[in-house]
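Chain residues, written in single-letter form:
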Amino acid sequence: MGHRPALQGARAGMDDDMIAFGPVPSRRLGRSLGINNIPPKICTYSCVYCQLGRTIGMQVSRHAFYEPEKVLQDVQNKVERAREAGEVIDYLAFVPDGEPTLEANLGREIELLKQLGLPIAVITNSSLVWRQDVREDLMGADWVSLKMDAVEEALWRRVDRPHGSLELAAILEGAIAFARAYEGELVTETMLVGGVNDGEQALGEVADFLACLQPAAAYLSIPTRPPAEEWVRPPGEAALNRAYQILGERVERVEYLIGYEGDAFAFTGDVEQDLLSITSVHPMREEAVSAFLARAGAEWAVVHRLVAQDQLVEAEYGAHKFYLRRLGSA
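Residues numbered from 1 in each chain as written. Predicted model: local features only at pLDDT ≥ 70, side-chain atom pairs only at ≥ 80, totals over all residues. Heavy atoms only, no water.

(A) A look at the sheet that holds strand β10 (residues 254–257). Judged by pairing direction, the sheet is mixed, and its eight strands sit side by side in the order β1-β2-β5-β6-β7-β8-β9-β10 without closing on themselves. Each edge of the open sheet is held by one strand with a lone partner, namely β1 (20–26) and β10. Across the sheet, the axes of successive neighbouring strands diverge by a mean angle of 25 degrees, strand direction being ignored. When strand β7 (residues 143–147) meets strand β8 (residues 185–191), the two strands line up parallel, connected through five bridges. What sits directly across from Leu146, in β8, is Thr188. Of the strands in this sheet, β2 (30–35), β5 (91–94) and β6 (120–124) are in contact with helix α2 (residues 106–113), which crosses β5 at around 170 degrees. (Pairing = 2+ DSSP bridges. Helix = DSSP H or I, 4+ residues; strand = E, 2+ residues; numbered from the N terminus. Axes fitted to C-alpha atoms, helices over the stretch in contact; angles between N-to-C directions. Contact = heavy atoms within 4.5 Å.)

Listed below in structure tokens is the structure:
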């Protein structure tokens, strides 16, 4: 998506679909109906990898962008239309064009949406989690994703380019406080930028911090769409595998989130497609691949063919060989 002018205040009179959209396939949330509760590019960060371009309306103060009742009505209308069309909705998800916790009425919106009988998710960049009112608002959600790209000051500023008033130490303390009190499902997401925050030391520091949060899952993502800055590149397969192993030493469940939405977990019965689906989420150790092939009644020739076709990549970490899907392979 290109650069779009930020709008101040509520977007009164706009089409319902500007607030509610979908449902869309999401590997984390199944089929989710999105809620865009923030005007375009009003954010606390201006991340170098953002697919929406540079942040135009940088701010940290919370505002009431929409009336909560309007959000409820728009979402309710979308839910009804989706159900009439026979579409399944697994989650209502706050995934706006900016930072969702900038909405001062977020807690009230979540409270109202509960009456629709669907679980509610919020995907936040974590920048305002140091605020008690933000943590209280997020408590009402069933599923919350906190972004943790870096826990070292210089890297955080280089990758996320935060508003000047934000302090990383306060954000990290707020994240720990939230994790300790939150009773829903907490996950984290770490966006890796090649040559910037994908080194062993940076990843080790993130892994140590995530161990304090004890998330249900820690997701690793990479830039898959045109980023705000042209120099941004995804890490290579070896670096991705290294990241997975380092986080996996401190967090029970680590998964890739690298653009294969919708069918990543689909069972097809096709050995090649199943291998590619699995390795787009998890790198597989050589022994695990052997066991998989044995269960499928297939030979290693399948794997060798995928490697030769540049769809599957071999990578070594420690004393083990791993297989993972080539980035961008379809």
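Let's pick the thread back up.
(B) Representation of the packing of aromatic side chains in the model. Applying the stated criterion across every chain, the model contains four aromatic pairs. Pairing Phe178 with Tyr182 gives two aromatic rings, centres 4.7 Å apart and planes at 25 degrees, and the pair type is stacked. With centroids separated by 5.6 Å and ring planes inclined at 55 degrees, the aromatic side chains of Trp300 and Tyr323 adopt a geometry described as tilted. One end of the pair, Trp300, is in the loop between α9 (286–296) and α10 (301–308); the other, Tyr323, is in strand β13 (residues 320–325), and 23 residues separate them in sequence. A residue is classified by how much of its surface remains accessible, and Trp300, at 25% relative accessible area, is partly exposed. (Phe/Tyr/Trp six-rings, centres within 6.5 Å; stacked < 30°, edge-to-face > 60°. Buried < 20%, exposed > 50% of the residue type's maximum accessible area, 1.4 Å probe, protein only.)

(C) Here's a closer look at the confidence of the model for the protein. Confidence along the protein averages 86 in pLDDT terms, with 88% of residues attaining 70 or more. With pLDDT under 50 throughout, residues 1–17 is counted as low confidence; its partners more than four residues away or in other chains account for 39 contacts. Scored below 50 in pLDDT, residues 260–268 makes 24 contacts in the model with residues more than four places away or belonging to other chains. (pLDDT = per-residue confidence, 0-100.)

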